[in-house]
Each structure stands twice: as structure tokens, then as C-alpha cells.
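# Structural overview for review
So you can see what is in the structure, the chains are spelled out below.
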Amino acid sequence: MSFTRPLFVTLALGLATAGMDFSVRAEPAGDPQKRLESLVSSTLPTEPAGEAKALRDFYRARAFQPAWTGSHAALAERLLAEVGAIATAEGLSPSAYVVADQATDLQRDVLISSALLRFGRDVAIGAVPPERAYGGFGHNSRGEFDAARFLRALTEGKSLTEQVAAAAPRFLGYVRLKETLEHSRAIARAGGWPVLPDGPKLVPGESDDRIPTLRKRLIVTGELESGLTGNREFDAPLVEAVKRFQLRHGLDPDGTVGARTFATLNVSAESRARQIAVNLERWRWMPRNLGRHHIAVNIPAATLDAVEDGAVALAMRVVVGDTKHPTPSMNATMNSMVLNPPWSVPPSIANKEILPKLRRDPNYLASSNLKITDYPVDSPEAAGDGVDWNAIGKKFPYRLRQPPGPDNALGLVKFNLKDSDDIYMHDTPNRKVFARPYRALSHGCVRLERPIELGELMLGEHWRGRLGENITANSSTRTLKMERTIPVYLVYLTAWADEEGVIHFRDDLYGHDRRLASTLDHRARVTAPRAGVGVNGAGHAL
């Protein structure tokens, strides 16, 4: 069965930044230059202080002269109008960059600079910090953005479009995904697609009054030719269209409209457009240079790309963490692998899974080739003989280890990841799971469909075609250094466009899309000025 995957190959370098926001404040009395300096210094950050410093540096370089008054007033208005259109195209909310009309000239000058600075930052590295709860690598993984330089270029009359293009990610994946956003929004503006009425599953070869609606639904998103409307028969062309839809959404391509396909068909066009915008935000969090040699795992798609010399050299399916044991998004490195690895059972698995099994079957350790490490490996005690497992409380009192072998949970190869929260990539004896479309089944680690091929790729040319034979001939546990240290990116992308520009979606496994969308919406509401905002004498927005 074929599978699709995001493309992570970078096209060029980009920029990055951090940010803050400003409230409208009362203008201090006195010399205009000192008043402007005071306004800049007294603005209250709602985000990290880097933007406040950048704003001060920008005005300090201008000897605290206004940037957007006089001959530059018209330029400022044009830039603000352009921000709205470009923000929309980039999947950002234009309302986050609106400047309050109630401000005085000097206040407005600072607010315009703040809005433009914030917009440049948002395009460069995202509007919100890349927390893991949103599918990011963590708050401190943000890059840098020369905000003062960005503002200075705009005051010099340089094109906002060009400045944004220089700041935004230039990954092929970002560019392709952004191109799908307007198309998705256009579908939503035109009324979206029809909702498939409730009822039993739709099976190929049958007739049903809902089939014409299904046809219209698939025509809107391009799976079915536009001329194939009206027919009540679930015929061969419609079966193939349903399969195309299922593949595009990570479903079992059986051509039958069951419960999961039914629910996926009825996700609204507005929701899909929002999903695209959320994933564009994650692309803005990515390091601008992924490296010409790297590994990228897309967690929701459960796929892996190994990139060599800027091209995908190996692609495979993987198994990722289930909803109770999510695989964390991370930016790690890998420089070694273990052949014939033993498995040290984590205490959480021993407590929650193995102990209940032992209470049902006292021979479970022996049948699973698990050993209690507190005793000699071949002793009856190591197999748990004589232990009354029902008398043990909630905490498993022993350490367990599974020796290398064909049934070892880690398989034949384990790939060590540095600084990875004890997450690693490994082989598995259970090969059947890779044929499933839904592969969120592990305790957080990444199980590999083709671990031997990945190992040979990582070890270098002289290992090609030899690793499997080497492991078979030598059953000892060994650690091998790789040819080079490889960056490994575990990313969370639920929407991407393939090489033909076709959009693909996956379920929001861990709720990261939902949390990120909510935070982006909240930020747009907080930064947007409210109708009727004024400024009182104490300097606070009313």
C-alpha cells in the first residue's frame, strides 16, 4: 500500500525572532524627542522583552525621531494595509496588527512600529512560542530575528512583500502548504461542501439516496470528475474516488464509507482551512537550516524521511506513541546505534501492564523471555518462580530486562537519540502493524518499518547490504558509531501538500492542533484594539 509524506527538504535559509505587544498609553508632556523616548520605554510587554529592546534600538538609531509622521505617514498607511493582505496569505490573523485610531501622533508612531515589528516576528518564527503542548520543540527553541533591521528597511521604502519573503520560511513544504490555503478558503467562501446525511455505511455496488451527495462532496475536493453527478449507484469510479479521499486522509483505502470515512468527509471546509493555518505556524518554528543530512519523523502521519545530500534517500512507515503515551515533538541528534539491544523495561510499563498480566498468568515472564535482574539470569527466581503476584501492591518491586533475541521488543537495532527524554527509534518483531493506516500504538518511542536499511544508510557506504548479515552472524550486543552525527526532527504536521500540490490531512492525535488554534485566536483578540478604546490621564487604555 502506498503512503504519502510531508517533504522536509529545505530550499533556502530564513530568519527567526521573539516578540512582545504594546498597549496604547497616555503621551508624556515635554520635548517631543523625550516624549517619544518615554513612550517607547514605558510600553508594557505581554511577551518576552526582546521586542521592547528592538523597538528601543530602532528609535535610538533614529535619535528618537518619529518614523511614520510627515512624508512617511502615507507609507505607514500603505504598509498597514499590505500587512492585512499578506498576513491572510501567510495564515496569520490581520486583526493582530491593527493600530488604534485613538492614539496621538507620537503614540501612533510607536504602535505602528510595534505592529510592523510584531508582524515581521510572527512571519519569521511564529506568533506564539513553540511549546510542546502545541506540537513544537519547546519554548527556548526559537531562533533570532533582527527586528530593528526589519523596521529600518521599511522606513527606507523597501518592499514589505520582499522583506516578508526574506523572513518567512522557504521550505518547499511551507510554500506548497501556503498555496493550498487560499484554495481551501475559496471553497469555504463558496459554501464549502455538502454534508453527508446520517445512515448506515455505504458499500460499493449498492444504491443509496445519499450517493449523489457523496458525489458532490468528492467533486468539490477533486477526487471525482465533475461530470459524474446524480447517479445513485456506488459504481467503480466512485469507489476509486473514495479510495483517493481515504489515502489523502490516512484512512484504510477500502472504498467503503464507514464511520471514520463518514466523519472525515463531514469535517467542514472552514475547519480544514484553519488546520492548514495552524500547520503553517509550525513550519515557522522550524530551524531554517535542517541540514543536508537529517531524519524527519512526522508523528501524525507516522512516517519517516531520511534525507541525504538534500534529497529523500529512504522513506518508511513508523509506529508512534498512542494517545496515552504521546511521542514528543523534538529536535535531537543521533550518532550511534545498538545491535541486538536488550530491553530494560520502564517501571511504568512494569507497574501498569506487566504486573496485571502476571496476576493472571504467573508464567508470563518466562513466556515473554523477561528476566528479573535482581537474580542470576538462569535461576528460577529470575523467571519469577515462587512469587505470589497477587500479594504485591501497586508498585512492581523488581527490575525487568529482556535479553536480545528475535522476540525482543526493540528488535535487532536501536538508534540512540541524544537529549530525547528517553525516546529512541528501534526495530520491532511485530511487523504486521506497519500495514495498518492507524499506527499510533507505542509507548512513545518510534518503531521503524525498515531499520536495517536505515542503519546501513547511517553507517555509510561500506555497510550497504551487510548489516543484516552481520547481526545474524554475531548475536552479541554492540554499539556502532555512525558516519556522522545526524539531526533528527520529530514534528507534528497534520496537514501538508505533496509534490503535485495535493493537500493531505491527518487526525489531531494529541490535541495539539486544538490547543494551538485556541492560543492563536486568543492572541489575535488580545492584540487587536477594541472599539471605543481611549486613553485616560493615568496612561492606561480604557
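These notes cover the structure that comes with them. (Residues numbered from 1 in each chain as written. Predicted model: local features only at pLDDT ≥ 70, side-chain atom pairs only at ≥ 80, totals over all residues. Heavy atoms only, no water.)

### As for the overall build of the protein chain
- Within the protein chain one finds 16 helices and 14 strands.
- Considering the protein chain as a whole, with its 542 residues, one finds that 52% of them fall into the buried category.
- A separation threshold of at least 6 residues defines the contact pool for the protein chain, and within that pool the share at least 24 residues apart is 69%.
- As displayed, the protein chain has an accessible area near 24000 Å², and 52% of this comes from carbon and sulfur atoms. (Helix = DSSP H or I, 4+ residues; strand = E, 2+ residues; numbered from the N terminus. Buried < 20%, exposed > 50% of the residue type's maximum accessible area, 1.4 Å probe, protein only. Contact = heavy atoms within 4.5 Å. Areas by Shrake-Rupley, 256 points an atom, 1.4 Å probe, with all protein chains shown as cover.)

### Digging into helix H7 (residues 172-189)
- For H7, with 18 residues, the first-to-last C-alpha span of 27 Å sits near the 26 Å given by 1.5 Å per residue.
- Every buried residue of H7 is accounted for by Leu172, Gly173, Tyr174, Arg176, Leu177, Thr180, Leu181, Ser184, Ile187 and Ala188.
- The elements touched by buried residues of H7 are helix H3 (73-89), helix H8 (211-220), helix H11 (269-285), strand S13 (495-497) and strand S14 (503-505). (Expected span 1.5 Å × (residues − 1).)

### Some remarks on the packing of helix H4 (residues 105-125) against helix H5 (residues 147-155)
- In contact at an axis separation of 9 Å, H4 and H5 are set at 120° when each is read in the N-to-C sense. As the angle between them shows, H4 and H5 are arranged oblique. The interaxial crossing formed by H4 with H5 has right-handed handedness. Here H4 contributes Ser113, Leu116, Leu117 and Gly120 to the contact with H5, which in turn contributes Ala147, Phe150, Leu151 and Leu154. (Axes fitted to C-alpha atoms, helices over the stretch in contact; angles between N-to-C directions. Parallel < 35°, antiparallel > 145°, perpendicular 65-115°, else oblique. Left-handed = near helix turned anticlockwise from the far one by under 90°.)

### A word on the nonpolar core
- If you look at the biggest cluster of nonpolar residues, it comprises 68 residues, and the most contacted ones within it are Tyr59, Trp68, Leu116, Phe119, Leu160, Ile276 and Met286.
- Among the elements that take part in this core, H4 stands out by supplying eleven residues, more than any other.
- Those residues in contact with Phe119, other than ones at most four positions away along the chain, are Val83, Ile86, Ala87, Leu92, Tyr97, Leu160 and Val164.
- Grouped together as the second largest cluster of nonpolar side chains are 56 residues, Val297, Ala332, Tyr364 and Leu448 included. (Core = buried A, V, L, I, M, F, W, Y, C linked by side-chain atoms within 4.5 Å.)

### Things to note about the pairing of strand S4 (residues 330-339)
- With seven of its ten residues buried, S4 lies for the most part within the structure.
- One ladder, built from nine bridges, connects S4 with strand S12 (residues 478-491); its direction is antiparallel. Paired with Met334 across the strands is Ile486, a residue of S12.
- Strand direction decides the pairing type here: S4 and strand S8 (residues 413-418), joined by five bridges, are antiparallel. What sits directly across from Val338, in S8, is Lys414. (Pairing = 2+ DSSP bridges.)

### Description of H3
- Between its first and last C-alpha, H3 extends 25 Å over 17 residues, near the 24 Å set by a 1.5 Å rise per residue.
- Every buried residue belonging to H3 is among Leu75, Ala76, Leu79, Leu80, Val83, Ile86 and Ala87, and all of these are buried.
- For H3, the secondary structure elements touched by its buried residues are H4, H5 and helix H6 (160-167).

### Some details on the pattern of salt bridges
- One pass over the structure, following the stated rule, counts 25 salt bridges.
- Among the ionic pairs, Arg284 bridges to Glu281, the shortest N-O distance being 3.0 Å. Placement of both Arg284 and Glu281 in helix H11 is noted, with a separation of three residues, approximately one turn of the helix.
- Taking the relative accessible area as the measure of exposure, Glu281 reaches 0% and is therefore buried.
- When salt bridges that share partners are traced, they join Lys53, Asp57 and Arg60 into one network. (Salt bridge = Lys/Arg side-chain N within 4 Å of Asp/Glu carboxyl O.)

### What to know about the sheet that holds strand S6 (residues 371-372)
- One open sheet accounts for three strands, arranged S5-S7-S6; its pairing is antiparallel. Two strands lie at the open edges of the sheet, namely strand S5 (343-344) and S6, each paired on one side alone.
- Where S6 meets strand S7 (residues 400-402), two bridges bridge the pair, whose relative direction is antiparallel. When the sheet's bridge partners are listed, Lys371 is paired in S7 with Arg401.

### Overview of the packing of aromatic side chains
- Counting across every chain of the model gives ten aromatic pairs.
- Taken together, Tyr375, Trp389, Phe396 and Tyr398 form an aromatic cluster joined through their ring pairs.
- Across from the ring centre of Phe505, 4.5 Å away, lies the NZ or CZ of Arg272, which sits over that ring.
- Here the basic side chain of Lys414 rests over the ring of Tyr424, its NZ or CZ set 4.8 Å away from the ring centre. (Phe/Tyr/Trp six-rings, centres within 6.5 Å; stacked < 30°, edge-to-face > 60°. Lys NZ or Arg CZ within 6 Å of the ring centre and 35° of its normal.)

### Side note on the pairing of strand S2 (residues 303-308)
- Burial runs high along S2: six of the six residues are buried.
- Residues of S2 alternate between two faces, with Thr303, Asp305 and Val307 on one and Leu304, Ala306 and Glu308 on the opposite face, all of them buried.
- From the end of strand S1 (residues 294-298) to the start of S2, which pair antiparallel, there are four residues, and Ala302 there has a positive phi angle of about 55°.
- As defined by bridge partners, S2 adjoins strand S3 (residues 311-321) across six bridges and the pair is classed as antiparallel. Looking at S3, one finds that Leu304 is bridged to Met316.

### Overview of unusual backbone geometry
- The phi dihedral of Asn340 falls on the positive side, at around 50°, and the residue is not glycine.
- Among the structural elements, Asn340 can be located in the loop between S4 and S5.
- Here Asn340 falls in the buried class, since its relative accessible area comes to 6%.
- Within the chain, Asp422 stands out as a residue other than glycine whose phi angle is a positive 65°.

### Describing the environment of Tyr489
- Mapped onto the elements, Tyr489 comes out in strand S12.
- Owing to a relative accessible area of 4%, Tyr489 belongs among the buried residues under this scheme.
- Taking C-alpha positions, Tyr489 is 9.2 Å from Met286, a pair spaced 203 residues apart along the chain.
- Sequence-distant contacts of Tyr489, defined by excluding residues within four places in its chain, comprise Phe137, Met286, Pro287, Asn289, Leu290, His294, Ile295, Ala296, Val297, Met330 and Asn331.

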